[in-house]
Amino acid sequence: RAKEFENATQDVEFTPLPDGEYTALIISSEIKTTQKSNEEYLLLTWKVLEGEYAHRHLFDAFFIYNPDRPKQLGYNRKRLSFVCHACGLQEINDTAELHQKPCRLTVKLEEYNGRERNVISKYQPLKPITQTQPQTESLKADTFNGDVPF
């Protein structure tokens, strides 16, 4: 049976997505440790739901433990708060609560170590924010002053 796959080629494309807005949802979340240090980060895997890039994945990392960079941790807490709000949640006890809740992502291309990669620059709810939800100017990382909702 292995002969059936002898001439198989890998047609999967791993190039970054172009700049744009995408409807997506989180399909997995896990805590990881960097290879070079004891820094811990949360890795979210997003799945694009619509359009030409449906079913493609985006990856989003949030450092959650780094004793040498406390400002970076505060920034990532804010970003995670934006994700929660975009998913329609005010508080979470476990990142699994974010799974399968669609929202709108603004994705940009960025060069890193000589290669292009995707960076999620904005998280927005699919529906407009209602009066029962907190009002913010924007759910962009550089303008939100809220705490992490968990």
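Just so you know, the residues in each chain are numbered from 1, in the order the chain's sequence is written. Only residues with pLDDT of 70 or above have their local features reported here, since the model is predicted, and side-chain atom pairs are shown and tallied only from 80 upward, although totals for entire chains, interfaces and linings are computed over all residues. Hydrogens are left out, water is left out, and the side-chain values use all remaining heavy atoms of the structure.

A. Representation of the packing of aromatic side chains within the structure. For Phe, Tyr and Trp, rings pair up if their centres lie within 6.5 Å, where Trp contributes its six-membered ring, and each pair is then called stacked (planes under 30 degrees apart), edge-to-face (over 60) or tilted (otherwise). Inspection of every chain in the model, using the stated rule, returns 3 aromatic pairs. With a centroid separation of 5.8 Å and an interplanar angle of 50°, the aromatic rings of Tyr41 and Phe63 are classed as tilted. Of the two residues, Tyr41 sits in strand E2 (residues 40-48) while Phe63 sits in strand E3 (residues 57-65), which places them 22 residues apart along the sequence. The classification of residues rests on relative accessible area computed with a 1.4 Å probe and restricted to protein chains. Under 20% of the type maximum is buried, over 50% is exposed, and intermediate values are partly exposed. The buried category is assigned to Tyr41, whose relative accessible area is 17%. The partly exposed category is assigned to Phe63, whose relative accessible area is 22%. The ring of Phe62 has Arg79 lying over it, and the distance from NZ or CZ to the ring centre is 4.0 Å. Every helix listed is a DSSP run of H or I at least four residues long, and every strand listed is a run of E at least two residues long, numbered separately from the N terminus. The rule for a charge over a ring is simple: NZ of Lys or CZ of Arg within 6 Å of the ring centre, and within 35 degrees of the ring normal.

B. Seen up close, the side chain of Asp60. On the secondary structure map, Asp60 appears in strand E3. Its relative accessible area of 4% is what places Asp60 among the buried residues. Here a polar contact is taken to be a pair of N or O atoms separated by no more than 3.5 Å, where protein atoms must pair a possible hydrogen donor with a possible acceptor and residues adjacent in sequence count only if both atoms sit in side chains. Within polar-contact distance, the side chain of Asp60 engages the side chain of Arg79 at 2.7 Å.

C. Here's a closer look at unusual backbone geometry. Phi is positive for Gln100, close to 65°, though the residue is something other than glycine. Within the element layout of this structure, Gln100 appears in the loop between helix H1 (70-86) and strand E4 (103-112). Residues other than glycine seldom take positive phi values, yet Asn113 does so here, at roughly 50°. One can find Asn113 in the loop between E4 and strand E5 (115-124).

D. Structural detail: the sheet that holds E5. DSSP bridges decide pairing: two strands pair if at least two such bridges lie between them. Pairing in this open sheet of 5 strands is antiparallel, and the strands run E3-E2-E1-E4-E5 from one edge to the other. What marks the edges here is a single partner per strand, and that holds for E3 and E5. Each strand axis lies, on average, 40° off the axis of its neighbour in the sheet, ignoring direction. One ladder, built from 9 bridges, connects strand E1 (residues 20-33) with E2; its direction is antiparallel. Across the sheet, Ser28 pairs through a bridge with Thr45, a residue of E2. By the convention used here, residues are in contact when the closest approach between their heavy atoms is within 4.5 Å. Axis lines are fitted through C-alpha atoms, for helices just across the contact stretch, and the angle between N-to-C directions can take any value from 0 to 180 degrees. Across the sheet, H1 lies against E1, E2, E3, E4 and E5, angled at about 135° from E3, the strand it touches most.

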